[in-house]
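The residues making up each chain are set out below.
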Amino acid sequence: MDGVAREAGPGEKLLDVILRTEPGFPHVCYLAPLGTLESCDTCLVEVDGRVVRSCATVASEGLTASTASARALNGRKEGLRRLAQNHHFRCSICDNNNGTCALHNAARTLGLDRQQYRPKPYPIDDSSPFYRYDPSQCILCGRCVEACQDLVVNEVIHIDWARERPRVVWDSDVPVDRSTCVACGTCVTVCPVDALLETKFVGRAGLFTGLPEPAKLAMVEAASSVDGSFQPLLALSDAEAEMRNAVIRKTKTVCTYCGVGCSFDVWTRDHTVLKVLPREESPANGLATCVKGKFGWEHLNSPERLTNPLIREGDHFRTATWEEALHLVATRFREIKAKWGADTLFVIASCTDTNEEVYLTQKFARAVLGTNNVDNCSRYCQSPATVGLWRTVGYGGDAGGIEDLGRAELVVAMGSNTAESHPVIAARIKRAQKLSGHRLVVVDPRRHEMARRADQWLSPKSGTDLILLNAASRYILDQGWEAREFLSNRVAGLDKFRESLAVYTLEYAVEKTGLAREEIVRFATLVHEAKSVSICWAMGITQHQDGSETSTAISNLLLLTGNYGRPGTGGYPLRGHANVQGASDFGALPNYYPGYQKVDEPGVRERLEKEWGVPLPPRPGITSVDSVEAILEGKIRAMYIVGEDKLLADAHIARTDSALRKLDFLVVQEAFFTRTAQYADVILPTALSLEKEGTFVNTERRIQRLYRALEPIGQTRTDLDIVIALANALGARWSYASPSEVMEEVRRIAPIFAGVTYERLEGYRSLQWPVAADGTDAPFLYADRFAFPDGKARLYPTTWVPPLEPEGEFDVVVNNGRLLEHFHWRNLTGETAGLEARVPNMFVEVSPELALEKGIRDGDLVRVVSSTGAIRTRAWVTDRVRGRSLFIPEHGRDEDAINHLTTDARDSVAHTPAYKEVPARLEKISSGSEPEPPVPRSNFRRGTPDAPQKGIRVEQKWQRADYHAIGG
Amino acid sequence: MSEPITSVIDTRPDTAVLREWKEIWDSPAHREALLRTLELLKSLNERGLLDAARATFEGSDAAAHSIEEFLRESQNLRVARNLRALYTLLASLDFERILSPKTSFTGTRGGEGSRRPPMGLIELRRRLKDPVVAAGLEIVLEALAQVGRSRKSFA
């Protein structure tokens, strides 16, 4: 290269080789995670006498290249000149002038000193509340299209190369808010210029970008009227970009919503989030986000936030000082403990708290209050999955990482609306299917996006997934397809397992599941034929009476077919909250200390007593679900609930309401005035995730740091500070100076975290537990041995528990789950105007056949009645559901809250409520004014998708009459 | 038995600072000034000028560094020098005087009859021999050549 020998890896692109030593080398369309697009011609080099794109040239042995030849340099300049026709350089008033604009940087490097700008005849599309598209600034590099089509595979946008002036279009050329765009924001993230910008960012990023438009235009005109080089103006804009750093902070954090654990830089000005920018090195998500993580941060400044401690006084709450509130809590806890005993107290740790906060919360319960009655919300969702994995492979966590779901030749997604509940994981699966030809099987009652994309969609009767799995296992054994060597060397219990499958014949499975024999055989065959199989599952599996059993059956099937211990294999329960995995990992469980050390295992308690310097209760506590019954029986008298809206979270609201009323004393530690807070005696206001330091564990056991981006507002404090203050008010004398000190303590007591230090987690670095003392982590489990003393996995016979089925007056079954736009009861997402506007009301999905039977049309007001209660909502007639199955989003918090309908049925092992087994009755109350779906036209579900494509179809650009290859 | 309640009464006592502010606020003259100041601040904030000021104070080092980096490049340093020279040149010229039809080359105001006749070849040759004029012409020619080169590279 330019006369110097250079080394390159196999298949490495010439551009990457150049960038290693010359990071400022011009390139605009190329972004490593997107691959080669070849649309900008700014990275041209001369190779063996030919001018070529370095992004599309593989560096090979003996290749001779020149970056400095006149032909190469002139070629790059010509490429840039062409781009500049599509983009008006006005950097000092450009919100994207932040030092990262690829076009600006190329112009500086190549010394572009003038342009022949040709505005495009299209207006700005600012119809979306989240981002806007300015065609006149779009350089048609195609990054956004590649990201949408092939990285996150939402397949909404493309470039219409056939127009006289090409542009990016949404679906079949409709405005953004009439399209199928899910607003994941990945297109905005990868846009190298200001064509796609976050709405919140527009006019707020620069020193002059907030000026009135006429003033900005006058500045642009004045600058343009100066004939000659605009390099000095570019230099001035560089200076302005530097000055922006004084008002904009960029802080690495981890998303507060689901369990994927997306990490990104959050750009803040004062107390406002301007931009969320994931980075290539973001380990779980790369450049991808979902609409909540990218745009859902308005809750931080919501006027609804609690900012002062509140104390119940008669028929109202009054504001109080922290000293007063903490003193009252300590006094009442002390009194109740003295009168009724420590085990009448109950603590709930938050799944959106940091690991350090969770750790201290459980320590507070055990070492300060003296009870093991501590739990977290995994009890409501994924505890059964953990049980299934403990039984069979030993660790209650994902077998590998998210990237393994992209590696698997076959992914089976069970009881998971992945594209809405874990969209960034769904993107990996969709990408592997689209670009690599991997297979996808979806087992789910609803025909959601993943079901539509699946190579096989199975919709067994509710609560019969275990039968499908066991029938497939038996069929595989009958065919002799089991992985004999793997079973022989690495797995115990085959004979008993084989016996346990005797009942699961195909005939039995057909009868119980309602599936066709061929469907079950095909499923088993797909599993058998794939070289690597991963199964991910979510609450459609776990929230049944047999959730633990079905989770076990999933793991059994994987073991039977040798699908553990290799890349692309294993079991992947998809965790639902930002730190629900960590909440359990760090000990907020009634029967486990941090690191899954059993409370009743000899020696463990004694070791912790020594570390913590206090005697600890010997008996395991009760679960959060069981606490409701215990309150009603007078066995629990006081509760300390951190970040959990228990009234809405527990099944059977009427019963939970009775229990909360009955408590002698309730402390709720919250950011918002939740429904549960209304029952409290004391409310302690908390900071939110961007206002904290600490760590989260995501669904793939990945521990990541989050840094404080904002100061806590008002009188709020972090949960860490509050629990320390509370412990000390009860005489604990805790003196943790920082979250890292807490982590130091954790690594001393929990072997799986032995090597976890803040230094090893600096920035975007992360560790997947178990982490050895020397810092070696475990991205992939079970390569050599399973987590049992003999290193062998267990095939664990399972028992089917018949579900609650529709009968008599309750002739339909209610399913429920998440929507993409919302999280839980909308305490957070409901505060972001754009999210709330997309789904302002809840609804019930009704199948066309049931709607016909009941005379129900879109938008009709209906009542759904179960044995425990009723809800009123609007109907949406859709083929996403079938037959007598209804679907209701879980985000209602008033009369539409789903748990008005759910019952006391639960999993007998994990005690997780059977939220998905709800026999009910559907009644029409009144017709809507006109048949209209109950979500607005701007909702992506109402858009009409256009045909997907691979890549950006740059060859169509090259075929245009006005395109001429540079350099021949 | 705890009924769910939603009513919150703010019972926070006034702090000394708050009391002091209230006293100021209660004074009509102060209140008027405060309101105007707040309006001004609000307006400045909305237009981003507060941030501009903040950035100028807090980010000036980084900005200066950026300019310094720019000037480190020889051609950019030349731009700066040329700008300075151009500034000096422009400041020394009085185009109004030079171009005014009523201005004589001798610098004295007069009527039509006082205008000098067009420059002849002999006079042009004489002036080209003037080293000062020759130097100026060389600059102009070099500049024109540069314009031509750059036009070519981005034609």
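Just so you know, these numbers come straight off a predicted model, no measurement behind them.

## Thoughts on a nonpolar patch on the surface
Residues and elements named next belong to chain B.
No. 1: Taken together, L121, L124, L128, L137, V140, L141 and L144 make up a surface patch of nonpolar side chains, about 670 Å² in accessible area.
No. 2: Listing elements by their share of the nonpolar patch, those giving two or more residues are α6 (121-128) and α7 (131-153).
No. 3: Per-element tally for the nonpolar patch: the top contributor is α7, with four residues.
No. 4: Within the secondary structure layout, V140 lies in helix α7.
No. 5: According to the relative accessible area criterion, V140 is partly exposed, its value standing at 44%.

## Details of the interface of chain A and chain B
No. 1: Contact residues are listed per partner, giving 41 residues for chain A and 34 residues for chain B.
No. 2: Overall, the association of chain A and chain B removes approximately 3500 Å² of surface from exposure, summing both partners, and the carbon and sulfur fraction of that is 58%.
No. 3: Seen at the junction of chain A and chain B, the total is one salt bridge.
No. 4: E3 of chain B is the salt-bridge partner of R661 of chain A, the closest N and O atoms lying 2.4 Å from each other.
No. 5: Where chain A touches chain B, the interface holds nine residue pairs in polar contact (both at pLDDT 80 or more).

## Focus: helix α27 (residues 653-662) of chain A
All names here are of chain A.
No. 1: Buried residues dominate α27, accounting for seven of its 10 residues.
No. 2: Those residues of α27 that sit buried are I653, R655, T656, D657, A659, L660 and R661.
No. 3: Check the buried side of α27 and you find it contacts α25 (624-632), α26 (646-649) and β24 (665-670).

## Remarks on the packing of helix α1 (residues 16-26) of chain B against helix α2 (residues 28-46) of chain B
All names here are of chain B.
No. 1: In the contact formed by α1 and α2, the axes pass within 5 Å of each other and the chain directions differ by 100°. Taken together, the axes of α1 and α2 are roughly perpendicular relative to one another. Every residue of α2 that contacts α1 at W21, I24, W25 and D26 is listed here: P28, H30, R31, L34 and L35.
No. 2: Counted by class, the contact of α1 with α2 contains six nonpolar, one polar and two charged residues.

## Observations regarding the state of the cysteines
Residue and element names in this part refer to chain A.
No. 1: Here the structure, examined in full by the defined rule, presents zero disulfides over all chains.
No. 2: You can see C181 has no disulfide; the closest cysteine sulfur is in C187, sitting 6.1 Å from it.
No. 3: On the basis of relative accessible area, C187 is assigned to the buried category, the value being 9%.

## Side note on the sheet that holds strand β1 (residues 44-47) of chain A
All names here are of chain A.
No. 1: If you trace the three strands from one edge of the open sheet to the other, you get β2-β1-β3, paired in antiparallel fashion. On the outer flanks of this sheet lie β2 (50-53) and β3 (65-66), each paired with one strand and no other.
No. 2: Sheet analysis places β1 next to β2, joined by four bridges and oriented antiparallel. What sits directly across from L44, in β2, is R53.

## Digging into the pattern of salt bridges
Residue and element names in this part refer to chain A.
No. 1: The full count for this structure, using the stated rule, is 74 salt bridges over all chains.
No. 2: Across the pair E324 and R318 runs a salt bridge whose closest N-O atoms are separated by 2.5 Å.
No. 3: Overall, the relative accessible area of 32% leaves E324 in the partly exposed class.
No. 4: With a relative accessible area of 15%, R318 lands in the buried category.
No. 5: What you see here is one network of salt bridges that share partners, running through D150, E155, K430, K434, E449 and R453.

Conventions used here
Residues numbered from 1 in each chain as written. Chains lettered and ligands numbered in written order. Predicted model: local features only at pLDDT ≥ 70, side-chain atom pairs only at ≥ 80, totals over all residues. Heavy atoms only, no water. Patch = residues over 30% accessible without salt bridge, like charges linked within 9 Å, V, L, I, M, F, W, Y side chains within 5 Å. Areas by Shrake-Rupley, 256 points an atom, 1.4 Å probe, with all protein chains shown as cover. Salt bridge = Lys/Arg side-chain N within 4 Å of Asp/Glu carboxyl O. Helix = DSSP H or I, 4+ residues; strand = E, 2+ residues; numbered from the N terminus. Buried < 20%, exposed > 50% of the residue type's maximum accessible area, 1.4 Å probe, protein only. Contact = heavy atoms within 4.5 Å. Buried area = accessible area lost by both parts, 1.4 Å probe. Polar contact = N/O pair within 3.5 Å; in protein donor to acceptor, adjacent residues only side chain to side chain. Axes fitted to C-alpha atoms, helices over the stretch in contact; angles between N-to-C directions. Parallel < 35°, antiparallel > 145°, perpendicular 65-115°, else oblique. Nonpolar A, V, L, I, M, F, W, Y, C, P; charged D, E, K, R; others polar. Disulfide = S-S within 2.5 Å. Pairing = 2+ DSSP bridges.

Any functional reading would require information beyond the geometric quantities listed.
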